[in-house]
Amino acid sequence: MPDLSQHTRQLRTVADALEAQSDPANDSLALHPDTLEIINSRHSRRRQINYAVPDALQFQRRIRRHHADHGIQHGDIVALALDAFLRAKGYPPDPTPAKADAS
């Protein structure tokens, strides 16, 4: 009988990697509690951002549909998505200005 231990180890490595990817605790796009606190605060100072994005991605339509389904305001959808993306890429907000903006 052939020795399959090397293949078994490789399969376990692949299975472990797949399990780690599906683990919700490792979700890099999970909403950060600090961000949710800011979004849910009525006293957060707001600022307009304008960027040209590809029309083919249909962001406006998708944001409107998400708002209709979940009731989250358009600006909050964008803020949550951008914050999750930038945190996942290693760009968290600087805590000092955020505290000053909240006052």
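Note: the structure precedes this text.
Residues numbered from 1 in each chain as written. Predicted model: local features only at pLDDT ≥ 70, side-chain atom pairs only at ≥ 80, totals over all residues. Heavy atoms only, no water.

Draft legend 1. Expanded view of the overall build of the protein chain. Of the regular secondary structure elements, the protein chain holds five helices and zero strands. The linear arrangement of helices and strands in the protein chain, starting from the amino end, is α-α-α-α-α. A burial count over the protein chain gives 9% of its 103 residues as buried. Considering only contacts in the protein chain between residues 6 or more positions apart, those separated by 24 or more positions represent 58%. With the model as given, the accessible surface of the protein chain reaches about 9,300 Å², and the carbon-plus-sulfur share is 56%. (Helix = DSSP H or I, 4+ residues; strand = E, 2+ residues; numbered from the N terminus. Buried < 20%, exposed > 50% of the residue type's maximum accessible area, 1.4 Å probe, protein only. Contact = heavy atoms within 4.5 Å. Areas by Shrake-Rupley, 256 points an atom, 1.4 Å probe, with all protein chains shown as cover.)

Draft legend 2. Examining a positive patch on the surface more closely. Taken together, the side chains of Arg-61, Arg-62, Arg-64 and Arg-65 present a region of like positive charge at the surface. Take Arg-62: it is sitting in helix H3 (residues 59-70). (Patch = residues over 30% accessible without salt bridge, like charges linked within 9 Å, V, L, I, M, F, W, Y side chains within 5 Å. Salt bridge = Lys/Arg side-chain N within 4 Å of Asp/Glu carboxyl O. Lys, Arg positive; Asp, Glu negative; His and termini not counted. Charge placed at Lys NZ, Arg CZ, Asp CG, Glu CD.)

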